[in-house]
Amino acid sequence: MTLWRLEWLRLVRTRRWVALTFVYLFFGLLGPITARYIGEIVKRFGGGVTVSFPDPTPADGITQFVGNASQIGLLVAVVVAAGALSLDAVPEIGTFFRTRVPSLARILLPRFTVTSAVVVGAFALGTLAAWYETVVLIGNVPAGRLLAGWILGAIYLVFVVAVVALVAARTSSVLTTVLATMVILLGLPIAGIVPDVGEWLPSHLVGALDGMVRGVAFTEYLRATVVTVIAGTVALWAAIRLSSRRES
Amino acid sequence: MIRAKGLTKRYGDVLALDDINLEVPVGSVYGLIGPNGAGKTTLLGIVAGLRRPTSGSVTIDVPPSDVAVLPDTPRFDTWLSAREVIDLARTIGTNPAPPDRVDTVLNEAGLADAADRPVGGFSRGMLQRLGLAATVVNEPQLLLLDEPSSALDPIGRREVLDLVARLRGESTVVFSSHILADVQEVCDTVGILRNGRLVYQGSVAHLLSERTTPRYLVHLRTPIEPTIEALRRSDWVVAVDQLGPDQLRIEAASVAEAESSLAAVLAGARARVVSLGPEAVTLEDVVLGMVT
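It should be emphasised that the depicted structure is a prediction, and the values quoted were computed from it without experimental measurement.

From N to C terminus, chain B includes ten helices and 13 strands. Compactness check: chain B gives a C-alpha radius of gyration of 24 Å against a globular reference of 19 Å for 292 residues, more than 25% above the reference. Taken over 292 residues, chain B has a buried fraction of 40%. Of the contacts formed within chain B by residues at least 6 apart in sequence, a portion of 70% connects residues at least 24 apart.

Now for the interface of chain B and chain A. Listed per partner, the contact involves 22 residues of chain B and 20 residues of chain A. With six residues, the top contributor of residues to the side of chain B that touches chain A is helix α2 (residues 82-92) of chain B. Class assignment of the residues belonging to the side of chain B that touches chain A gives a composition of eleven nonpolar, five polar and six charged.

For the rest of this paragraph, the subject is the nonpolar core. Among the nonpolar cores identified, the biggest contains 140 residues, and A:Val160, A:Val164, A:Ala165, B:Ala133 and B:Phe175 are the most heavily contacted of them. Looking at which element gives the most residues to this core, the answer is helix α6 (residues 143-168) of chain A, with 18 residues. When residues of this core are assigned to domains, at least three fall in each of domain 1 (2-209) and domain 2 (213-287) of chain B. With residues up to four places along the chain from it excluded, the contact list for B:Ala133 reads B:Ile86, B:Val105, B:Leu106, B:Glu108, B:Ala109 and B:Leu111. One finds B:Leu248, B:Ala258, B:Leu266 and B:Ala271 within the second-largest nonpolar core, a separate group that totals eleven residues.

Quick look at the sheet that holds strand β8 (residues 189-194) of chain B now. As a general point, the strands of a sheet are linked pairwise by backbone hydrogen bonds and lie either parallel or antiparallel. All names here are of chain B. What the six strands build is an open sheet, ordered β5-β6-β7-β3-β8-β9; its pairing is mixed. The sheet is open, and its two edges are formed by β5 (67-70) and β9 (197-203), each paired on a single side. The mean inter-strand angle of the sheet, taken between neighbouring strand axes irrespective of direction, is 15°. Note that strand β6 (residues 142-146) and strand β7 (residues 172-177) share five bridges and pair parallel. Pairing of Leu144 across the sheet is with Val174, part of β7. Relative to β6, helix α1 (residues 40-48) is tilted by about 150°, and along the sheet it contacts β3 (29-33), β5, β6, β7 and β8.

This part covers the sheet that holds strand β4 (residues 55-60) of chain B. Residues and elements named next belong to chain B. Strand order in this open sheet of three strands is β2-β1-β4, and the pairing throughout is antiparallel. The sheet is open, and its two borders are formed by β2 (14-24) and β4, each paired with just one other strand. Strand-to-strand twist across the sheet, computed as the mean angle between neighbouring axes with direction ignored, equals 20°.

This part is about the pairing of strand β1 (residues 2-11) of chain B. Residues and elements named next belong to chain B. Pairing geometry for β1 and β4, over five bridges, is antiparallel. Its bridge partner being in β4, Ile2 is matched across the sheet by Ile60. Relative to β2, β1 runs antiparallel, the two sharing seven bridges. Note that in β2 the partner of Arg3 across the bridge is Glu23. Hairpin connection of β1 to β2: two residues between the antiparallel strands, including Gly12 at a positive phi of 65°.

Packed helices, taken two at a time, are described by the angle between their axes plus the distance between the axes. Residue and element names in this part refer to chain A. Closest axis-to-axis distance for the helix α3 (residues 58-85)/α6 pair is 9 Å, and the angle between their directions is 45°. It follows that α3 is oblique to α6 by the angle criterion. You can see that α3 and α6 cross each other, and the crossing is right-handed. Residue-level inspection shows Leu74, Ala77, Val78, Ala81, Ala82 and Leu85 of α3 in contact with α6, the latter providing Leu157, Val160, Val161, Val164, Ala165 and Ala168. For the contact of α3 with α6, the class distribution of residues is twelve nonpolar, no polar and no charged.

On average, residues of chain A carry a pLDDT of 89, and 97% of them reach 70 or more. By mean pLDDT, the top-scoring element of chain A is α6(A) (95), and the lowest-scoring one is helix α2 (residues 16-45) of chain A (84).

Moving on, we come to the domain arrangement of chain B. Residues and elements named next belong to chain B. By domain assignment, chain B separates into domain 1 (2-209) and domain 2 (213-287). Computed from C-alpha coordinates alone, the two centres of domain 1 and domain 2 are separated by 42 Å. Counting residues at the interface gives nine residues for domain 1, matched by six residues for domain 2. At the level of elements, α6 (180-186) and α7 (204-211) are the ones that each hand at least two residues to the side of domain 1 that touches domain 2. In terms of residues, the side of domain 1 that touches domain 2 owes the most to one element, α6, which gives four residues.

Our focus in this paragraph is the confidence of the model for chain B. Residue and element names in this part refer to chain B. Per-residue confidence for chain B gives a mean pLDDT of 88; residues scoring 70 or more make up 98%. Taken element by element, chain B is modelled with least confidence in helix α10 (residues 283-291), mean pLDDT 72, and with most confidence in α2, mean pLDDT 95. What the predictor reports for the complex is a pTM of 0.82 with an ipTM of 0.83.

All right, on to the environment of B:Leu145 then. Residues and elements named next belong to chain B. Within the secondary structure, Leu145 sits in strand β6. Taking the C-beta count within 10 Å as the criterion, Leu145 has 27 such neighbours and is therefore assigned buried. Each C-alpha atom, one on Leu145 and one on Val164, is 9.7 Å from the other, the two residues being 19 residues apart in sequence. With sequence-adjacent residues up to four places away left out, Leu145 is seen in contact with Leu70, Val173, Val174 and Phe175.

What follows is about helix α3 (residues 101-108) of chain B. Residues and elements named next belong to chain B. Listed as buried for α3 are Val102, Val105 and Leu106. End-on, the buried residues of α3 take up no more than an arc of 105°, which puts them together on one face. Contact partners of the buried residues in α3: α2 and α4 (124-136). Looking at the residues trailing α3, positive phi occurs at Gly110, about 70°.

This brings us to unusual backbone geometry. All names here are of chain B. Note that the residue after Thr222, namely Pro223, is joined by a cis bond; omega there is 0°. Notably, Glu139 is not glycine yet its phi reads approximately 50°, a positive angle. Tracing the chain through its elements places Glu139 in the loop between α4 and β6. A positive phi angle is found at Glu147, which is not glycine, with a value near 50°. With respect to the helices, strands and loops of the structure, Glu147 is situated in the loop between β6 and α5 (154-167).

Rules and cut-offs
- Residues numbered from 1 in each chain as written.
- Chains lettered and ligands numbered in written order.
- Predicted model: local features only at pLDDT ≥ 70, side-chain atom pairs only at ≥ 80, totals over all residues.
- Helix = DSSP H or I, 4+ residues; strand = E, 2+ residues; numbered from the N terminus.
- Rg over C-alpha atoms; globule rule 2.2 N^0.38 Å.
- Buried ≥ 20, exposed ≤ 12 C-beta atoms within 10 Å, placed from the backbone.
- Contact = placed C-beta atoms within 7 Å.
- Nonpolar A, V, L, I, M, F, W, Y, C, P; charged D, E, K, R; others polar.
- Core = buried A, V, L, I, M, F, W, Y, C linked by C-beta atoms within 7 Å.
- Domains from an automatic or database assignment.
- Pairing = 2+ DSSP bridges.
- Axes fitted to C-alpha atoms, helices over the stretch in contact; angles between N-to-C directions.
- Parallel < 35°, antiparallel > 145°, perpendicular 65-115°, else oblique.
- Left-handed = near helix turned anticlockwise from the far one by under 90°.
- pLDDT = per-residue confidence, 0-100.
- Arc of directions from axis to C-beta.

Spelled out as structure tokens, the structure:
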């Protein structure tokens, strides 16, 4: 039983991968339908109010998916990551691991890597579903731009898992880790309101998938990508350092 | 094996450990005893590297990979089977034992029948035995066991005590407990903690002999009054207490005088002796006297 297999079993046996995959897939399938039929939906349930919508563009299908996935999907990803990375949420389990490995990196890196892979995989499935349905219902979305947007979104999600690891190194429960991480992640866009700051922040990548299929240049996200990669790496390094120095 | 000098641990205003100087000999089974809140778990935590002392130092003669720790209430991810827990404990260490050790320790812990069941359904006693199995699977040189028998039924407790006794000479064991009979049975050295201070450290035998008073229990056929009179006339007898219709407790001025004269006095009084022996002093008697 390796620590890598342990993390795989955690996702499979606790069915956390199902929750993640379901959420992203659900919104991937729902987004383009909503974009395509929003007019009919409002007409049917609008109580006689007439609202005119412009004809949907292919980008609208992806926009709907990104809007939902960046909220509910992100929350589920944070919960799943916190469940794996809150090493001391049960102190006796923390003791079991801490007293057996020479470096906490041996424990945290598999947890970080496997969780990131599953989060990114679920995001990929959701993106593929949104793409397929958009093409079928609305129109073509350029695959190259979709792929580039997905990569930028995936980089942001890996950064999110690193932030969870950092927060978990200082908190003592899964719930506290989730709440503190969400405060940080929701605080970044607020900080981004400051002129010229937003395009440097990791939160700029949240809408990158949407932006790329709408024709925004890749270079528009370059600064945020560099900052996100550096910040994520630093967060993971700090998580290992802080966890190692922590008393249990 | 373990030397701690001037260990102090402070949590805010609370002094959990106060200038502890611990000496655990190689190969010994060291009992760390004291009432709740005395500092046993804190001291074990510092030795295990899980907590940092406020001041003082700890030296351990083996590398961290040869130290295994059992918390007082072991818990594991509930979706793992017992076999997976032991295999995980075996493989994540730096010196993993051969794979067949997994079944060996599961058998020794009495968990062979439950080996493939998720540990989420285990009782506290089963978790304690599983924790102990996970602790010994890689045959560490130093074991730090925090209350390892406290949650077990009499059979489980016996198995744990036998296992700890078997480790003597092969590994060094530090064994914290408030069940003093367990400590007296398996430990050769004890440290007694009270309010964060180490009030005694040394061999169990020395501690008991130091506190032994020359008292003897005698069980006689009735009538016993002539024997009481004869004992009270003896100048080496300090006190004679009648504990029941046919039982006496005799306190002598010294062990030597009692050993040379008691039998003669009983014979002179024509006492019909059913049994005779020194009143045993238990670790419980001694420790209660030291910590209360």
